[in-house]
Amino acid sequence: MWTVDKNVDNLETYPQIKEAAQNLKQNEVVAFPTETVYGLGGNAESDEAVLKIFEAKGRPGDNPLIIHIANTEQIHSFVKGIPEQASRLMDAFWPGPLTIILEKKEGTLSEKATAGLSTVAVRMPDHPVALALIEESGLPLAAPSANLSGKPSPTTAAHVADDLTGRISGIVDGGATGVGLESTVVDCTGGIPVILRPGGVTKEQLEEVVGEVSADPALTDEGQAPKAPGMKYRHYAPNSPFYLVDGSKEEIQQLVNEKRNEGQRVGVMTTKENKDFYDANVVKTCGERARLETVAEALYDTLRAFNKEDLDIIFGEIFPEQGVGQAIMNRLSKASGLPIIIK
Ligand code: TXA
Ligand code: MG
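Values in this document were obtained by computation on a predicted structure and should not be read as measured data.

Describing the site of ligand 1
Next, step 1: Surveying the vicinity of ligand 1 reveals 28 residues, the closest of which are Thr36, Asn63, His68, Ser183 and Gly230.
Next, step 2: A distance of 2.9 Å separates an oxygen atom of ligand 1 from a polar side-chain atom of Arg59.
Next, step 3: At a separation of 3.0 Å, an oxygen atom of ligand 1 approaches a polar side-chain atom of Ser145.
Next, step 4: Considered on its own, ligand 1 offers 690 Å² of accessible surface; in the complex 96% of this is hidden by protein.
Next, step 5: When contributions to the shell around ligand 1 are tallied by element, the ones reaching two or more residues are β4 (66-68), β6 (119-123) and β10 (194-197).
Next, step 6: A total of four residues in the shell around ligand 1 trace back to one element, the largest contributor, which is β6.
Next, step 7: The residue makeup of the shell around ligand 1, split by class, is 15 nonpolar, eight polar and five charged.

Listed below in structure tokens is the structure:
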């Protein structure tokens, strides 16, 4: 573990960053913080490094990785060109929680990093430690979230350690991440930009910059195949059945009572506003409903905390699908994998 204070100046000259960058140059894999979640980085130009990433995570080889860069010059070696809409999005949101899909230039990146696709996902993270590490390594870094495949993405170095200790070269600990959910993925290879994964940057924010933006129909229709290969997998799953409930707190408490009467141990996932209302075996608070960004920030930590409890069933409140609420509900639905209980 390399511990780094993200607020100090000249991070790239720090011995911890230099050592971690040295590992990356030797095609080892290293976890590092970004503003969204921790990433597991490796040299995107090396099959050897990229294979280590897939192995450490237990990730299916058909799921391509995001390439992380620290400056826009880095991008030209591996994309065919930057369309007008993409260029506007980069100016508006980079560095930041937005991943842009572009046509790939053959020959520089590892084919394994892009899972053999003709396109590539790119993002410039808004985190001083991530940027310093990329700069110091001099490499584009392929970096998926630094969790075991299927688990919630890590928002602290401790989460990474829980999942990947013994499987990677090291972790750069830069404290808790900020946004808490992964970046928004936008495909800019066609005319109108298409959201493939909702995330830190909302549809409304994108539309302010480029006008019309559409969303992959698979995000709302389970019968369709998602355009981002990773979106077809169940994710973030708690160990016990996790039901989202579209109903009042009284109705959720009623469900809790029924299950407890059957002798089950019941958990509830709620927010600060309602936490004192519930009577269950375990009640966990995930941020504050009135400020959805705090729900995003706390979401994965809360899901991971439920996995440390011995419960038969968990009920969770739902959120309005506006702004970052879209990404929150997308991740909660994937964590549940069950139909919403409608009261
Ligand atoms: O915030 C984030 O994006 C974090 C941090 C570490 O940067 N990274 C992350 O990576 O969430 P990962 O690998 O967990 O998710 C990448 C998503 C997957 O759903 C993948 O299928 C999709 O992006 N993706 C990658 N390349 C793609 C491509 N060329 N076309 C379509 N989807 C792609
Ligand atoms: Mg992931």
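Read on, since the account is not over.
Regarding the packing of aromatic side chains
Next, step 1: Scanning the entire structure with this criterion turns up two aromatic pairs.
Next, step 2: Aromatic pair Tyr243 and Phe315: ring centres 6.4 Å apart, planes at 35°, arrangement tilted. In this pair, Tyr243 sits in strand β12 (residues 242-246) while Phe315 sits in strand β15 (residues 313-317), placing the two residues 72 residues apart along the sequence.
Next, step 3: On the numbers, 5.4 Å between centres and 85° between planes, the contact of Phe277 with Tyr278 is edge-to-face.
Next, step 4: Taking relative accessible area as the criterion, Phe277 reaches 32% and is therefore assigned partly exposed.

Rules and cut-offs
Residues numbered from 1 in each chain as written. Chains lettered and ligands numbered in written order. Predicted model: local features only at pLDDT ≥ 70, side-chain atom pairs only at ≥ 80, totals over all residues. Heavy atoms only, no water. Near = heavy atom within 4 Å. Polar contact = N/O pair within 3.5 Å; in protein donor to acceptor, adjacent residues only side chain to side chain. Areas by Shrake-Rupley, 256 points an atom, 1.4 Å probe, with all protein chains shown as cover. Helix = DSSP H or I, 4+ residues; strand = E, 2+ residues; numbered from the N terminus. Nonpolar A, V, L, I, M, F, W, Y, C, P; charged D, E, K, R; others polar. Phe/Tyr/Trp six-rings, centres within 6.5 Å; stacked < 30°, edge-to-face > 60°. Buried < 20%, exposed > 50% of the residue type's maximum accessible area, 1.4 Å probe, protein only.

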